[in-house]
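Close look at the chain arrangement
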Amino acid sequence: MERKVEYDVTSPEAIEQYAQGLVGKSFREVMPEAVENVASKGNLGTLLEEHYFGYSPNSNAAPDFPEAGVELKVTPYKKLKRGKRYSAKERLVLNVINYEEVVKETFDTSSFYHKNQLILLVNYLWQEGLERLDYPITHAQLFQFPEEDLKIIKDDWNVIVDKVKAGQAHLLSEGDTNYLGACTKGANRYSLREQPYSDELAMQRAFSLKGSYMTAVLNEYILNDIKTYRKLVPALHEQTLDQWILEKMNAFHGISTTELARMFELDSKAKSRYALLASRMLNGSFDNAEKSDEFQKAKIKLKTIRVGKNGKLKQEMSFPAFKYTEIVEETWEESELREMFETTRYLIVAFRENEHEEFVFDKAVLWNMPIQDLDTQVRAVWEETVLRIREGRADQLPKKSESNVCHVRPHGRNKADVYPTPQGGYETKKCFWLNKEYLLDVIEA
DNA sequence: GCATGATCATGC
DNA sequence: GCATGATCATGC
């Protein structure tokens, strides 16, 4: 491929320096002549490749700048509604997973690592209502995975590849892994591919860095926010992050909450006291493990549950309330609920009641909603919910008796805590709840 | 005892 | 002041 460029394409630093010329400009300003010709077709990354960096886009296994080993990635971030903080707007989609080939690779020789070990990140600020060519490009810099992250990414890659080797490519989900995910990539859910160890067709998927991981990268390396996240976990060698978390917690099996409170010098009657204990069990210097570097990047949520003397869960599990006016505008595929269950991992910490009506730490489980439950049973409840809200029946949403997995119930400060309905009225805030019988199966599996 | 409605309380 | 995780309360 011939390039007519005015920078040294064999040098990562030279490429980065050339890319710095983008900073402070919008896409339109960077390539005015191209924009006129092509109108606004093509994605922003492709446009920059062609009209700024001067090469034709390819889908090679090699990085975009092969001589320098640099892969170009153009990615948006946004300002959060409250406060001044920023987050990545999207996951960062890397190369498509070739199910047939990936099972023959090891991480170190993988096409994933070959292509993505050194990334030139070009960040632009997405803004509501702005035409996409007018988004300002604010940063352009080289990014390499920090050593601790690379270890976790390598383990994630292995989890994904092992699932393909087990003939379960059709069951892959982003929530299976911590930093590196297998996200869907294709025109729609009919973009299916064959897999080597099963006759089931699987959705086309790509390796991607989770949105939560990209938010951390943005704040830590791009915006240089000094308030970075603290590490929860020591350097990992033999163990995976999952193993470390579970082994660390499960060492406390059988210890009562009274005893744990004494061990960690915690005197609290708050509802969150079990969550506080769980965080201390992981790392004595943490009040909330969710705030750690690792949990933030992997989007791991801590959930505590109590199992009663009768072996049943005390309560169902709640999730954030939805807005009636927003949920009716969604389709299942791009719904907030689906996105949440697809991308979030849950560290479920179970306390079990003993004969003295005292709660004892039983076990911790890392769980994410299986894609087959999500796209069948949860989907049905979600669709029924949306249907009833559209019909003006926001006061009659799916009850527990209507599904084995989840239902809808109030979730506000009190019944006067309301959200507007599409019809112009108001209804008590509600959310989706996971049925406790379903959850019991999860922790006992 | 359970389903469903209602509310508490922390932390941002 | 509100969102959210967690729990309580009521009535069948």
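Residues numbered from 1 in each chain as written. Chains lettered and ligands numbered in written order. Predicted model: local features only at pLDDT ≥ 70, side-chain atom pairs only at ≥ 80, totals over all residues. Heavy atoms only, no water.

**Some words on the protein's contact with DNA strand B**
Around DNA strand B, the surrounding shell holds 16 residues, and the nearest of these are K271, K291, K312, K400 and G412. Between DNA strand B and the protein, one listed contact pairs a base nitrogen with a side-chain N or O atom of R409 at 2.9 Å. Here a base nitrogen of DNA strand B sits 3.2 Å away from a polar atom, N or O, in the main chain of G412. Class assignment of the residues belonging to the surface near DNA strand B gives a composition of three nonpolar, four polar and nine charged. (Near = heavy atom within 4 Å. Polar contact = N/O pair within 3.5 Å; in protein donor to acceptor, adjacent residues only side chain to side chain. Nonpolar A, V, L, I, M, F, W, Y, C, P; charged D, E, K, R; others polar.)

**Let's talk about the packing of helix α14 (residues 336-343) against helix α15 (residues 371-390)**
Closest axis-to-axis distance for the α14/α15 pair is 11 Å, and the angle between their directions is 155°. In terms of orientation, α14 and α15 fall into the roughly antiparallel class. The chirality of how α14 crosses α15 is right-handed. Where α14 approaches α15, its residues L337, R338, F341 and E342 are matched on the opposing element by I371, L374, D375, V378 and W382. When the residues that make up the contact of α14 with α15 are grouped by side-chain class, the tally is six nonpolar, no polar and three charged. (Axes fitted to C-alpha atoms, helices over the stretch in contact; angles between N-to-C directions. Helix = DSSP H or I, 4+ residues; strand = E, 2+ residues; numbered from the N terminus. Parallel < 35°, antiparallel > 145°, perpendicular 65-115°, else oblique. Left-handed = near helix turned anticlockwise from the far one by under 90°. Contact = heavy atoms within 4.5 Å.)

**Details of the protein's contact with DNA strand C**
Close to DNA strand C lie 15 residues; K271, T304, H411, K429 and W433 are nearest. When the atoms of DNA strand C within 4 Å of the protein are grouped by moiety, sugar and phosphate amount to 47% of the total. Q315 is positioned such that a nitrogen or oxygen atom in its side chain is 3.1 Å from a base nitrogen of DNA strand C. Separating a base nitrogen of DNA strand C from a side-chain N or O atom of S318 is a distance of 3.1 Å. At three residues, the largest contribution of residues to the surface near DNA strand C is made by strand β10 (residues 300-307). Here the surface near DNA strand C is composed, by residue class, of five nonpolar, four polar and six charged.

**Regarding the sheet that holds β10**
Taken in spatial order, the three strands line up as β10-β12-β13 in an open sheet, and their pairing is mixed. Looking at which strands have only one partner, the edges of the open sheet turn out to be β10 and β13 (359-367). Taking the axes of each pair of neighbouring strands and ignoring which way they run, one obtains an average angle of 20° across the sheet. Across eight bridges, β10 lies against strand β12 (residues 345-353) in parallel orientation. Paired with I305 across the two strands is A350, which belongs to β12. (Pairing = 2+ DSSP bridges.)

**What to know about the pattern of salt bridges**
Counting across every chain of the model gives 33 salt bridges. The partner of K151 in a salt bridge is D155, with the nearest N and O atoms 2.7 Å apart. Of this pair, K151 and D155 both sit in helix α7 (residues 147-165), four residues apart, which is roughly one turn of that helix. Residue K151 shares its accessibility class with D155, and that shared class is buried. Salt-bridge contacts for E391 lead to R393; the nearest nitrogen and oxygen are separated by 2.8 Å. When its relative accessible area of 28% is taken as the criterion, R393 is described as partly exposed. In the salt-bridge network here, residues are joined through shared partners; they are E148, D149, K231, D293 and K297. (Salt bridge = Lys/Arg side-chain N within 4 Å of Asp/Glu carboxyl O. Buried < 20%, exposed > 50% of the residue type's maximum accessible area, 1.4 Å probe, protein only.)

**Regarding the sheet that holds strand β4 (residues 119-125)**
Pairing in this open sheet of four strands is mixed, and the strands run β2-β1-β4-β5 from one edge to the other. Only two strands of the sheet have a single neighbouring strand rather than two, namely β2 (86-88) and β5 (137-143). Ignoring strand direction, the axes of neighbouring strands in this sheet form an average angle of 30°. Direction of pairing for strand β1 (residues 71-79) relative to β2: antiparallel, over a ladder of three bridges. Residue pairing across strands places Y77 opposite A88, the latter belonging to β2. Sheet strands in contact with helix α4 (residues 44-51) are β1, β4 and β5, and its direction is about 135° off that of β1. Along the sheet, helix α8 (residues 211-222) makes contact with β1, β2, β4 and β5, crossing β2 at roughly 130°.

**Some thoughts on the packing of aromatic side chains**
With the rule as written, the count across this model stands at 30 aromatic pairs. An aromatic cluster is present here, built from Y7, Y18, Y52, F53, Y55 and F65 joined pairwise through their rings. When the ring centre of F286 is taken as origin, the NZ or CZ atom of R230, which lies over that ring, is 4.1 Å away. A cation over a ring is seen here: K429 above Y419, with NZ or CZ 4.6 Å from the ring centre. (Phe/Tyr/Trp six-rings, centres within 6.5 Å; stacked < 30°, edge-to-face > 60°. Lys NZ or Arg CZ within 6 Å of the ring centre and 35° of its normal.)

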